[in-house]
Amino acid sequence: QVQLAESGGGLVQSGGSLRLSCSASGTIFKINVMGWYRQAPGKQRDLVATATSGGVTNYAESVKGRFTISRDNAKNTVYLQMNSLKPEDTGVYLCNALISPRSWDSSYNYWGQGTQVTVSS
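The structure contained in this document is the topic of the report that follows. Just so we're clear, the structure is a prediction, and the values are computed from it rather than from any experiment.

### Examining the sheet that holds strand 7 (residues 67-72)
And then number 1: Here we have four strands laid out as an open sheet, ordered 1-3-8-7, and antiparallel in their pairing. With partners counted over all chains shown, the strands left at the sheet margins are strand 1 (2-7) and strand 7, one partner each. Neighbouring strand axes in the sheet, compared pairwise and without regard to direction, differ in orientation by 15° on average.
And then number 2: Looking at chain direction, strand 1 and strand 3 (residues 18-26) are connected through six bridges and run antiparallel. Within the sheet, the bridge partner assigned to V2 lies in strand 3 and is G26.

### Description of the nonpolar core
And then number 1: Within the largest apolar cluster, 28 residues are counted, with the highest numbers of intra-cluster contacts made by W36, L80, M82 and Y93.
And then number 2: Of all the secondary structure elements, the ones that give two or more residues to this core are strand 1, strand 3, strand 4 (30-39), strand 5 (45-52), strand 7, strand 8 (77-82), strand 9 (91-100) and strand 11 (115-120).

### Observations regarding the side chain of T77
And then number 1: Looking at where T77 falls in the secondary structure, it is placed in strand 8.
And then number 2: Within the local environment of T77, its side chain forms a polar contact with the side chain of S23, the two groups lying 2.9 Å apart.
And then number 3: For T77, the side chain forms a polar contact with the main-chain oxygen of K75, separated by 2.9 Å.
And then number 4: With near-sequence residues (within four places) excluded, T77 lies in contact with C22, S23, M34, S70, R71 and D72.

### Some details on the state of the cysteines
And then number 1: Inspection of the entire model under this criterion finds one disulfide.
And then number 2: Each disulfide pairs two cysteine sulfurs, and for C22 the partner residue is C95, the sulfurs being separated by 2.0 Å. Around the S-S axis, the bridge from C22 to C95 shows a dihedral of about -80° and counts as left-handed. Of this pair, C22 sits in strand 3 while C95 is found in strand 9, placing the two residues 73 residues apart along the sequence.
And then number 3: Classification of C22 by relative accessible area gives buried; the value is 0%.
And then number 4: The class for C95 is buried, based on a relative accessible area of 0%.

What counts, and at which threshold
- Residues numbered from 1 in each chain as written.
- Predicted model: local features only at pLDDT ≥ 70, side-chain atom pairs only at ≥ 80, totals over all residues.
- Heavy atoms only, no water.
- Pairing = 2+ DSSP bridges.
- Helix = DSSP H or I, 4+ residues; strand = E, 2+ residues; numbered from the N terminus.
- Axes fitted to C-alpha atoms, helices over the stretch in contact; angles between N-to-C directions.
- Core = buried A, V, L, I, M, F, W, Y, C linked by side-chain atoms within 4.5 Å.
- Buried < 20%, exposed > 50% of the residue type's maximum accessible area, 1.4 Å probe, protein only.
- Polar contact = N/O pair within 3.5 Å; in protein donor to acceptor, adjacent residues only side chain to side chain.
- Contact = heavy atoms within 4.5 Å.
- Disulfide = S-S within 2.5 Å.

Okay, structure coming up:
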């Protein structure tokens, strides 16, 4: 069983910063990709940023230059540093990970429960 636990959301004023964390626990052989998605009320879930185990990162155009994703592979943890936040960044931020639980397993897609980020204008 694999679990993802997020923390770090909250309410911040426009222009402020927040740092999100997501730790994976349970039966884990390898974490291939970890990332963050955002879901605003009434909208689809959108990719924010991803990072591979080798350090390759990918960002949504709307957050480039403002958000930074990083991983601590030893701790099975991914971080999202969010600077210069805008009201349109508001939403539930969900952690996502592509994990092989055992050496002979395929990779499976796991989701956290999400953490609310609200940016006031």
